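One letter stands for each residue in the lines below.
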Amino acid sequence: MAGDSFDEINERMFKRLLDLKPEVGTVMGLHDPYDMLMPHGGLEDLTEAYDLLREWRSAAAEAASRQELSLDQSLSMKILDASIEMLRFAIEDHQMWRMYPNAVDGVGSLAFIMFSREYAPVESRAKGIATRLKLAPKYLKEFESRFDDGRPVRLWTEEAIESCDQVPAFLTFIESAWKGQVSPGTASDLSEGVRAANEAIKAHREWLQGLLKTATPDFALGRARFERLLQVRGL
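What comes next is a walk through the structure.

About the thresholds
Residues numbered from 1 in each chain as written. Predicted model: local features only at pLDDT ≥ 70, side-chain atom pairs only at ≥ 80, totals over all residues. Heavy atoms only, no water. Core = buried A, V, L, I, M, F, W, Y, C linked by side-chain atoms within 4.5 Å. Buried < 20%, exposed > 50% of the residue type's maximum accessible area, 1.4 Å probe, protein only. Helix = DSSP H or I, 4+ residues; strand = E, 2+ residues; numbered from the N terminus. Contact = heavy atoms within 4.5 Å. Lys, Arg positive; Asp, Glu negative; His and termini not counted. Salt bridge = Lys/Arg side-chain N within 4 Å of Asp/Glu carboxyl O. Axes fitted to C-alpha atoms, helices over the stretch in contact; angles between N-to-C directions. Parallel < 35°, antiparallel > 145°, perpendicular 65-115°, else oblique. Nonpolar A, V, L, I, M, F, W, Y, C, P; charged D, E, K, R; others polar. Phe/Tyr/Trp six-rings, centres within 6.5 Å; stacked < 30°, edge-to-face > 60°. Expected span 1.5 Å × (residues − 1).

### Things to note about the nonpolar core
Point 1. Among the nonpolar cores identified, the biggest contains 35 residues, and Ile 129, Leu 171, Ile 174 and Trp 178 are the most heavily contacted of them.
Point 2. With nine residues, the single largest contributor to this core is helix α6 (residues 122-144).
Point 3. In contact with Ile 129, other than residues within four places in its own chain, are Ala 111, Met 114, Phe 115, Ile 174, Trp 178 and Leu 190.
Point 4. Counting 19 residues, the second largest nonpolar core, distinct from the first, contains Ile 9, Tyr 50, Met 77 and Leu 80.

See below:
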């Protein structure tokens, strides 16, 4: 809102960013409500975050024109600028989003964090995992749209297939490990989530096998993009 202080803008925009990228909230230990959500699986995950960061930068600059920034606030502006440039580089210059097809590893990693970190009672964590796993089929379908005109790297595609072979067993382990530790309703939800995710992973694995037919061995940045990356990182 117009007239908001620099810190108020940062707080509001950060919450909006977590709404777009709830997995960041989980990784940072901000579990409620983000453990119950999944990001968009397609390119929108990057482009919407990029647009938000630019909006954030504009609002922060306007606030900075009205108040003297502290050292921490000035540093946050520099971090915001660097984040915008890094995300633009990822979207336009070195398009990992259409080269690295391992979405299932992300699903498994989020489940691992919620399973292994004792930040809340098992009942609560199980509900979060169950909800997230029920969203996994939609997420994986959205992710596949990244490669409608993509150029997957063969090695990374093979790694993604390995993830499809490994993650379902881990999800089933979570279901078994927490059996008897959660309420019957939550246990049922967790079983339903594991079943939905594992079925989606099986279909996703078949999609990856087809993707191998168009995969390339090339993945290097190249000199020009590497020099651009160093510039973006301020090195």
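### Re the side chain of Arg 125
Point 1. Take Arg 125: it is sitting in helix α6.
Point 2. Despite its burial, Arg 125 remains without a salt bridge, the nearest opposite charge being carried by Glu 118 at 5.3 Å.
Point 3. Non-local contacts of Arg 125, meaning those with residues more than four positions away in its chain, are made with Met 114, Phe 115, Ser 116, Arg 117, Glu 118, Tyr 119, Ala 120 and Trp 178.

### Let's talk about unusual backbone geometry
Point 1. A cis amide bond, omega 10 degrees, links Asp 32 with the succeeding residue Pro 33.
Point 2. As for its placement among the helices and strands, Pro 33 is situated in the loop between α2 (22-28) and α3 (44-64).

### Some words on the packing of helix α7 (residues 154-177) against helix α8 (residues 184-211)
Point 1. The N-to-C vectors of α7 and α8 enclose an angle of 170 degrees; their axes lie 9 Å apart at closest approach. By the angle between their axes, α7 is roughly antiparallel relative to α8. Each of Thr 157, Ala 160, Ile 161, Cys 164, Asp 165, Val 167, Pro 168, Leu 171, Thr 172, Ile 174 and Glu 175 in α7 lies in contact with α8, whose residues at this interface are Leu 190, Ser 191, Val 194, Ala 197, Asn 198, Ile 201, His 204, Arg 205, Leu 208, Gln 209 and Leu 211.
Point 2. Of the residues that constitute the contact of α7 with α8, the class distribution is 13 nonpolar, six polar and three charged.

### Remarks on the environment of Arg 54
Point 1. Relative to the assigned elements, Arg 54 resides in helix α3.
Point 2. Separated by 64 residues in the primary sequence, Arg 54 and Glu 118 have C-alpha atoms spaced 36 Å apart.

### A word on the pattern of salt bridges
Point 1. Across all of its chains, the model carries 22 salt bridges by this definition.
Point 2. In this structure, Arg 66 and Glu 62 form a salt bridge, with 2.9 Å as the shortest nitrogen-oxygen distance.
Point 3. You can call Glu 62 partly exposed: its relative accessible area is 40%.
Point 4. Salt-bridge contacts for Arg 228 lead to Glu 85; the nearest nitrogen and oxygen are separated by 2.9 Å. In this pair, Arg 228 is assigned in helix α9 (residues 223-232) and Glu 85 in helix α4 (residues 71-93), connecting sequence segments 143 residues apart.
Point 5. Overlapping salt bridges bring together Glu 85, Arg 88, Glu 92, Asp 93 and Arg 228 as one network.

### A word on the packing of aromatic side chains
The way to describe two aromatic rings as a pair is by their centre distance and the angle between their planes.
Point 1. Scanning the model with the defined rule gives nine aromatic pairs in all.
Point 2. On the numbers, 5.0 Å between centres and 45 degrees between planes, the contact of Phe 115 with Trp 178 is tilted. Here the residue Phe 115 occupies a position in helix α5 (residues 104-116), and Trp 178 occupies one in the loop between α7 and α8, the gap between them amounting to 63 residues. Neither residue differs from the other here; Phe 115 and Trp 178 are each classed as buried.
Point 3. For the ring pair Trp 156 and Phe 219, a centre distance of 5.6 Å and an interplane angle of 45 degrees mean the geometry is tilted. In this pair, Trp 156 sits in helix α7 while Phe 219 sits in the loop between α8 and α9, placing the two residues 63 residues apart along the sequence.

### Overview of α8
Point 1. Relative to the 40 Å expected for 28 residues at 1.5 Å per residue, α8 spans 40 Å between its end C-alpha atoms, a close match to the ideal helical length.
Point 2. Buried residues of α8: Thr 186, Leu 190, Gly 193, Val 194, Ala 197, Asn 198, Ala 200, Ile 201, His 204, Leu 208 and Leu 211, and no others.
Point 3. Buried residues along α8 sit against α5, α6 and α7.

### Quick notes on the environment of Ala 111
Point 1. Within the secondary structure, Ala 111 is located in helix α5.
Point 2. Taking the C-alpha atoms as reference points, Ala 111 and Val 167, 56 residues apart in sequence, are found 9.7 Å from one another.
Point 3. Other than its neighbours up to four places away in sequence, Ala 111 contacts Ile 129, Phe 170, Leu 171 and Ile 174.

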